[in-house]
Amino acid sequence: MCGIVGYVGPEQALPILIEGLSRLEYRGYDSAGVALVDGHLSVVKRAGKLSELRAALGGEEGTLPGHTGVGHTRWATHGAPTDGNAHPHVDCSGKIAVIHNGIIENFQQLRDELTKAGHVLASDTDTECVAHLVEDAYEGDLAEAVRHVLPRLVGAYALVAVHADQPGLIVGVKVSSPLVVGLGEGENLLASDVPAIMQRTRRFVPLEEQRVAEVRADSVRITDFLGVEVPLEPMEVTWSLEAAEKGGFEDFMRKEIHEQPAALADTLRGRTGRGGRLALDEIRMPEDRIRDVDKVFVVACGTAFHSGLVAKYAIEHWVRLPVEIEIASEFRYRDPVLDGHTLTLGVSQSGETIDTLEAVRHARRQGSHVLAITNTVGSSIARESDGVLYTRAGPERGVAATKTFATQMAALHLLALYLGQVRGTLFPEEVEERVGLLRELPSQVTRALALEPQVRELATRFQGARDVLFIGRHTGYPAALEGALKLKEISYIHAEGYPAGELKHGPIALVEPGVPVVAIATECHVRPKVLSNIQEVKARGAEVIAIATEGDPDIGMLADHVLEVPRTHELLSPVVVSVPLQLFAYHVARLRGCDVDQPRNLAKSVTVE
Ligand code: AGP
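Residues numbered from 1 in each chain as written. Predicted model: local features only at pLDDT ≥ 70, side-chain atom pairs only at ≥ 80, totals over all residues. Heavy atoms only, no water.

A. Representation of the site of the ligand. Near the ligand lie 14 residues; those nearest to it are Ser348, Ser350, Thr353, Val399 and Glu489. Between the ligand and serine 348, the relevant distance is 2.6 Å, taken from an oxygen atom to a side-chain nitrogen or oxygen of the residue. Listed by contribution, the elements that provide at least two residues to the shell around the ligand are helix H10 (302-319) and helix H18 (476-491). Its residues assigned to classes, the shell around the ligand shows six nonpolar, six polar and two charged. (Near = heavy atom within 4 Å. Polar contact = N/O pair within 3.5 Å; in protein donor to acceptor, adjacent residues only side chain to side chain. Helix = DSSP H or I, 4+ residues; strand = E, 2+ residues; numbered from the N terminus. Nonpolar A, V, L, I, M, F, W, Y, C, P; charged D, E, K, R; others polar.)

So this is what it looks like as structure tokens:
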């Protein structure tokens with residue numbers, strides 16, 4: 001997610017903007033910029049870290065004057081992280097600067113219209129459209145011009161704008177993405193996040209949905225989109241700065257587990273079709289090339305491998321293409337069979353995992369068309385693939401992948417549906433129906449998060465376990481693998497995931513009285529067999545935690561503990577099933593005093609072989 005800071009008051013704005021942006025660095029970003037109003041508009045922006053921006057500003061203090069200013073750190077979603085794509089973006093007159101956090105879904109249509117109307121757009125971003133639209137609407141009142149533009153914008157965004165001819169005014173807009181007003185003494189501020197400005201004030205007005213803030217040094221006016229004023233409702237923030245960076249959560253991992261509904265919504269936004277047809281132009285794969293594919297290979301590591309395994313089930317079911325999946329570090333050493341008719345999917349949230357990168361490079365050398373599924377715009381895997389399908393989970397700071405796992409599965413399901421649409425294995429109405437199931441995921445995950453108190457109790461019961469087995473069938477199997485990985489990597493308890501049908505071929509020897517077994521028993525065509533496997537381990541004394549579908553009539557008679565998740569299509573179930581599994585690992589680890597954000601021996605991105 002991008003970071004936004006705005007200041008208007010008696011002091012020089014620049015140092016306050018830089019300080020605020022530095023407090024947002026924890027969010028992750030790939031470029032930064034500022035705009036100041038001092039009789040005219042000055043904009044300085046650079047790709048890279050804040051140090052690049054500071055250097056461009058002439059060192060720590062910088063020399064850019066102005067009592068009104070806005071600053072931005074960008075987590076790229078549209079357009080690579082370059083100086084030109086960094087925010088702020090300006091209009092043709094060079095008098096209006098706009099910064100933005102979120103996604104303007106209809107930006108391509110807006111860009112086309114603006115270009116036809118004679119505007120010159122200098123960047124690849126969705127944000128720049130807004131600056132030019134405001135330019136066309138501006139008749140001396142920036143807030144009015146912004147309100148005039150808003151009905152044209154489709155998507156989720158927090159916008160902030162300034163105008164050279166209106167010093168002392170910052171206009172902010174909130175639609176889905178967060179934006180808060182900071183109420184100071186003789187000064188006022190705007191920010192995407194409390195930490196950016198809490199060193200200036202502890203009094204905030206979080207903007208409600210569809211609100212426009214007109215921020216001046218001595219006044220703040222908040223209106224709806226029609227310009228009707230609404231009352232301010234200030235709040236006092238008592239958090240420490242560290243707590244504020246975590247949005248009030250104790251750590252990044254729990255924050256990111258709870259961000260999954262929003263991350264899923266952002267990942268699906270603007271991609272679930274117009275008039276029933278999916279359009280994933282961003283993968284840059286011509287339809288005839290898609291129809292020419294006779295095999296799919298998935299290469300990934302860790303959690304990304306597990307989301308790739310879920311994708312295997314979905315692609316084989318909906319597209320009827322054979323899918324091979326391989327641990328990336330094994331892939332190129334096994335002399336895999338692939339050629340120009342193979343589509344290789346490289347799944348990596350960081351886009352920098354060397355094992356996956358090398359696998360992708362090998363696949364390209366064999367002539368395979370390579371598609372990266374990554375959370376990091378401009379990452380190595382994005383640059384070295386033929387096409388990219390970005391997840392939009394925002395920066396994930398916890399080493400244990402959580403929201404990126406969910407968004408990888410959502411993106412891969414979208415891809416499977418798109419492949420089915422292009423290859424004709426799915427009728428348009430079938431695509432539309434399944435896209436509808438994807439759209440339900442954010443609310444289903446929200447309901448699954450409500451299991452947390454129950455999960456916390458179970459974590460208390462099992463915090464001393466020595467071994468934990470996770471079992472599942474069909475897509476319950478990758479869910480079991482992921483649940484085991486989460487538990488072992490943050491709590492250091494030995495845990496293994498197995499296909500439930502595989503138990504009797506050896507692993508069941510591990511089962512003795514009291515051994516915890518987590519069984520993924522959600523509604524699916526092989527659920528009866530999972531129930532049998534639960535009876536197998538129960539007969540040997542296991543204590544069973546079952547993840548079941550809400551309203552399951554039988555599971556309570558078989559399992560010792562039941563966690564009920566919302567009903568989903570069986571190919572999508574790992575998205576909701578993984579929520580209690582993540583929470584279980586998290587609370588066990590916390591109870592064991594482990595560092596859930598930085599587990600021992602692990603790095604967020606493994607850039608060595
Ligand atoms: C998962 O919780 C771990 N952090 C790890 O397995 C991770 O998924 C793996 O290293 C792959 O990382 P990537 O998605 O950045 O390539």
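B. Here's a closer look at the pairing of strand S12 (residues 211-216). Pairing of strand S8 (residues 170-175) with S12, which is carried by five bridges, proceeds in the antiparallel orientation. If you follow lysine 174 over to S12, its bridge partner there is arginine 211. Pairing of S12 with strand S13 (residues 219-223), which is carried by five bridges, proceeds in the antiparallel orientation. By the bridge assignment for S13, valine 212 is matched with threonine 223. (Pairing = 2+ DSSP bridges.)

C. Seen up close, the side chain of glutamate 396. With respect to the helices, strands and loops of the structure, glutamate 396 is situated in the loop between strand S20 (387-390) and helix H14 (403-423). Take glutamate 396: its relative accessible area is 8%, and that puts it in the buried class. Of note is the side chain of glutamate 396, whose polar atom sits 3.1 Å from the backbone nitrogen of lysine 403. In this structure, glutamate 396 is in contact with Glu256, Gln349, Ala401, Thr402, Lys403, Thr404 and Lys604, ignoring residues within four places of it in sequence. (Buried < 20%, exposed > 50% of the residue type's maximum accessible area, 1.4 Å probe, protein only. Contact = heavy atoms within 4.5 Å.)

D. Representation of the environment of valine 120 in the model. Along the chain, valine 120 falls in the loop between helix H3 (107-116) and helix H4 (127-137). Judged by relative accessible area, valine 120 falls into the exposed class, the value being 64%. With 12 residues separating them in the primary sequence, valine 120 and histidine 132 have C-alpha atoms 8.8 Å apart. With residues near it in sequence (within four places) discarded, valine 120 still touches Cys92, Glu128 and His132.

E. Structural detail: the nonpolar core. Grouped together as the largest cluster of nonpolar side chains are 90 residues, with contacts concentrated most on Ile283, Val296, Ile315, Leu345, Phe470 and Leu487. Per element, the largest residue contribution to this core is 13 residues, and it comes from H14. Sequence-distant contacts of phenylalanine 470, defined by excluding residues within four places in its chain, comprise Ala480, Gly483, Ala484, Leu487, Ala495, Glu496, Gly497, Tyr498, Val518 and Leu581. Of all hydrophobic cores here, the second largest spans 30 residues; its members include Val98, Phe107, Leu110 and Leu133. (Core = buried A, V, L, I, M, F, W, Y, C linked by side-chain atoms within 4.5 Å.)

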